[in-house]
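Next come the chains, spelled out residue by residue.
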Amino acid sequence: MSAVFQNKPEKDSRVEAAISHWAPRFVANGVPLVDFQEVTAGVSRWEDWCSAWSARAAVHEELGNKALAGGHTISAGEHFTRAAVCYHFGKFLFVNDMAQMKEAHRRAVECRNKALPHLQPPGERVAIPYEGKQLYGNLRKPTAQPSNTGIARPPIAVMCMGLDSAKEEMDDYENRFLKRGVATLAFDGPGQGEAEYDFAVCPEYEKPVKAVIDWLEAREDLDTSRIGIWGVSLGGYYAPRAAAFEKRIKACVALSGPFQRSADFTGRPQMNVEAFRVRSKSANLEEAGKVAVRFSLAGCAKNITCPIYIVAGTKDRLTPHTQAEKLAAEVSGPCVLSVIEGGNHVVNNLWYRYRDQTADWMAAQLRAAKR
């Protein structure tokens, strides 16, 4: 009897790129390792990526519903947060099928919203007026330990997303600030998350940040004399860009952000390029290139006078670590530059080399800023 061998389908190059580039990010930001392994093993075509992740997210969502029905609210919050992250990673670069992307995105937001009241500490969904519409964010305030009572008027870190990150991905980062007595506001700015449908990406990010800080100052439960700003990936450009213009910011953390972008997309991953085109609301790459060159800290980085902590990795395939060195050379205020040998984009593969350290630093800077 002759054996029959079935050839395993070759993986789409986009799926191969996803597996090789993103495993550390997914796991560091809340996707269980086994989920990453099983979901990616079962996907051969990029066209199946979003549906596969949505199916796995639905498992966590159902666990959350069962926990909530049984009155296990802490477990429910954790299950819903994992579901939100899995839905998010299904949609985050899936601009090739907008209908499918929007549905996964809707469910990501819905799950994180269901988690918010059950988190430790809880969160609040907020809407910030901006150019006749709204920007949405998740506000969380720290509690004092061991009493678990709210801290009166804590300082706050405003958290800026990247090209494909969104507020639903920020749980781990938020918790590190909250444990150190710093409130967090992770928000979707123009071209990001819930705001990507109404607004194009905004290189002049001081505009939405001004709206956010104006809104924060109307609240009485936060110390708005102690505002820090934090940004990840493209947000690592947005945060220092805002700090260059917005003097109400007392400290800045920039993770793997560009100093200046080029109109040339050669060598950049196909999925990232297409996501930038879509989220910049450009008809083609020529138009997208004109938007890209507006992303620049040249000429304004010297206006950053607040303390800044800059992180980059030497193995970053999206943003060379030399971009971080350019920023550090230009700023006028105190600067910590951490270039991590072997670190990938946002150094997610070596997250323990900067996540606690930047949270410690930000908390110390905001304590020192108290009037």
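About the cut-offs
Residues numbered from 1 in each chain as written. Predicted model: local features only at pLDDT ≥ 70, side-chain atom pairs only at ≥ 80, totals over all residues. Heavy atoms only, no water. Pairing = 2+ DSSP bridges. Helix = DSSP H or I, 4+ residues; strand = E, 2+ residues; numbered from the N terminus. Axes fitted to C-alpha atoms, helices over the stretch in contact; angles between N-to-C directions. Contact = heavy atoms within 4.5 Å. pLDDT = per-residue confidence, 0-100. Core = buried A, V, L, I, M, F, W, Y, C linked by side-chain atoms within 4.5 Å. Buried < 20%, exposed > 50% of the residue type's maximum accessible area, 1.4 Å probe, protein only. Phe/Tyr/Trp six-rings, centres within 6.5 Å; stacked < 30°, edge-to-face > 60°. Lys NZ or Arg CZ within 6 Å of the ring centre and 35° of its normal. Polar contact = N/O pair within 3.5 Å; in protein donor to acceptor, adjacent residues only side chain to side chain. Expected span 1.5 Å × (residues − 1). Right-handed = clockwise from strand over helix to strand, strands pointing away. Salt bridge = Lys/Arg side-chain N within 4 Å of Asp/Glu carboxyl O.

## Some words on the sheet that holds strand S9 (residues 308–313)
In space, the 8 strands of this open sheet follow the order S1-S2-S6-S5-S7-S8-S9-S10, with mixed pairing throughout. Strands with a single pairing partner mark the edges of an open sheet, and in this sheet they are strand S1 (123–130) and strand S10 (335–340). Each adjacent strand pair in this sheet contributes to an overall mean axis angle of 20°, direction not counted. Both strand S2 (residues 133–140) and strand S6 (residues 183–187) contribute to a ladder of 4 bridges, which runs antiparallel. Counted as the bridge partner of Arg140 is Thr184 from S6. Strands in contact with helix H8 (residues 235–245) are strand S5 (156–160), strand S7 (227–232), strand S8 (249–255) and S9; relative to S8, the strand with the most contacts, it is inclined by about 160°.

## Overview of unusual backbone geometry
That bond from Gln120 to Pro121 is cis: its omega, 0°, falls within 30 degrees of zero. Tracing the backbone through its elements, the reader meets Pro121 in the loop between helix H5 (98–115) and S1. In the Ramachandran plot, Arg153 falls in the positive-phi region, its phi being about 45° despite a non-glycine side chain. Along the polypeptide, Arg153 turns up in the loop between strand S4 (149–150) and S5. Phi at Ser256 is positive, roughly 55°, even though this residue is not glycine.

## Points about the confidence of the model for the chain
For the chain, per-residue confidence averages 95 on the pLDDT scale, and residues scoring 70 or more make up 96% of the total. pLDDT under 50 marks residues 1–5. Its contacts with residues more than four places away, or in other chains, come to 0 contacts.

## What about the side chain of Asn344?
Mapping Asn344 onto the fold places it in the loop between S10 and helix H12 (355–368). Ignoring sequence-local partners within four residues, the contact set of Asn344 consists of His21, Pro24, Gly313, Lys315, Asp316 and Asn349.

## Some words on the nonpolar core
In terms of nonpolar packing, the biggest core is built from 86 residues, with Trp49 and Leu327 touching the most fellow members. If we ignore the near neighbours within four places in the chain, the residues touching Trp49 are Val15, Ala18, Trp22, Phe26, Thr40, Val43, Phe89, Gly90, Phe92 and Phe94. One finds Ala157, Met159, Met161 and Tyr309 within the second-largest nonpolar core, a separate group that totals 25 residues.

## Let's talk about the packing of aromatic side chains
Within a pair of aromatic rings, the relevant descriptors are the distance that separates the centres and the angle that separates the planes. Applying the stated rule across the entire model yields 25 aromatic pairs. The interplanar angle of 50° and the centroid separation of 5.9 Å between the aromatic rings of Phe265 and Phe276 together place this pair among those described as tilted. Of this pair, Phe265 sits in the loop between S8 and helix H9 (270–279) while Phe276 sits in helix H9, and the two are 11 residues apart along the sequence. Each member of the pair, Phe265 together with Phe276, is buried. Taken together, Trp22, Phe26, Phe36, Trp46, Trp49, Trp53, Phe89, Phe92 and Phe94 form an aromatic cluster joined through their ring pairs. Directly above the aromatic system of Phe276 lies the positively charged group of Arg261, at a separation of 4.6 Å from the ring centroid. Over the ring of Tyr173 we find Arg355, and its NZ or CZ is 3.9 Å from the ring centre.

## A short note on the environment of Ser20
Along the chain, Ser20 turns up in helix H1 (residues 13–28). The exposure class of Ser20 is partly exposed, given its relative accessible area of 43%. Separated by 63 residues in the primary sequence, Ser20 and Ala83 place their C-alpha atoms 22 Å from one another. Engagement of the side chain of Ser20 in a polar contact is seen with the backbone oxygen of Ala17, the distance being 3.2 Å.

## Points about H1
Taking 1.5 Å as the rise per residue, H1 with 16 residues should run 22 Å; its terminal C-alpha atoms sit 24 Å apart, in good agreement. The elements touched by buried residues of H1 are helix H2 (33–41), helix H3 (49–69), helix H4 (73–91), helix H6 (171–178), H9 and H12. Just past H1, the residue Gly30 takes up positive phi, approximately 115°.

## Here we look at the pairing of S6
Burial analysis of S6 places 5 of its 5 residues in the buried class, which makes it a mostly covered element. Both faces of S6 are covered, namely the face carrying Ala183, Leu185 and Phe187 and the face carrying Thr184 and Ala186. Note that S5 and S6 share 5 bridges and pair parallel. Residue Val158 lies in a different strand from S6, and its bridge partner there is Leu185. In this region the chain leaves S5, passes through H6 and returns to the parallel neighbour S6; the handedness of that crossover is right-handed.

## Focus: the pattern of salt bridges
All chains considered together, the criterion is met by 37 salt bridges. Arg294 is the partner of Glu204 in a salt bridge, and the nearest nitrogen-oxygen pair spans 2.7 Å. On the criterion of sequence distance, the pair formed by Glu204 in the loop between S6 and helix H7 (206–217) and Arg294 in the loop between helix H10 (285–292) and S9 is long-range, its members being 90 residues apart. The closest approach of N and O atoms between Arg248 and Glu246, which form a salt bridge, is 2.8 Å.

## A look at the environment of Gln37
Looking at the element boundaries, Gln37 is found in helix H2. Distance in space between the C-alpha atoms of Gln37 and Ile229 is 34 Å, their sequence separation being 192 residues.

## Things to note about H8
Burial analysis of H8 places 10 of its 11 residues in the buried class, the great majority of the element. Along H8, the positions that sit buried rather than exposed are Gly235, Gly236, Tyr237, Tyr238, Ala239, Pro240, Arg241, Ala242, Ala243 and Ala244. In this structure, the buried side of H8 is in contact with S5, H7, S7, S8, S9 and helix H11 (321–330).

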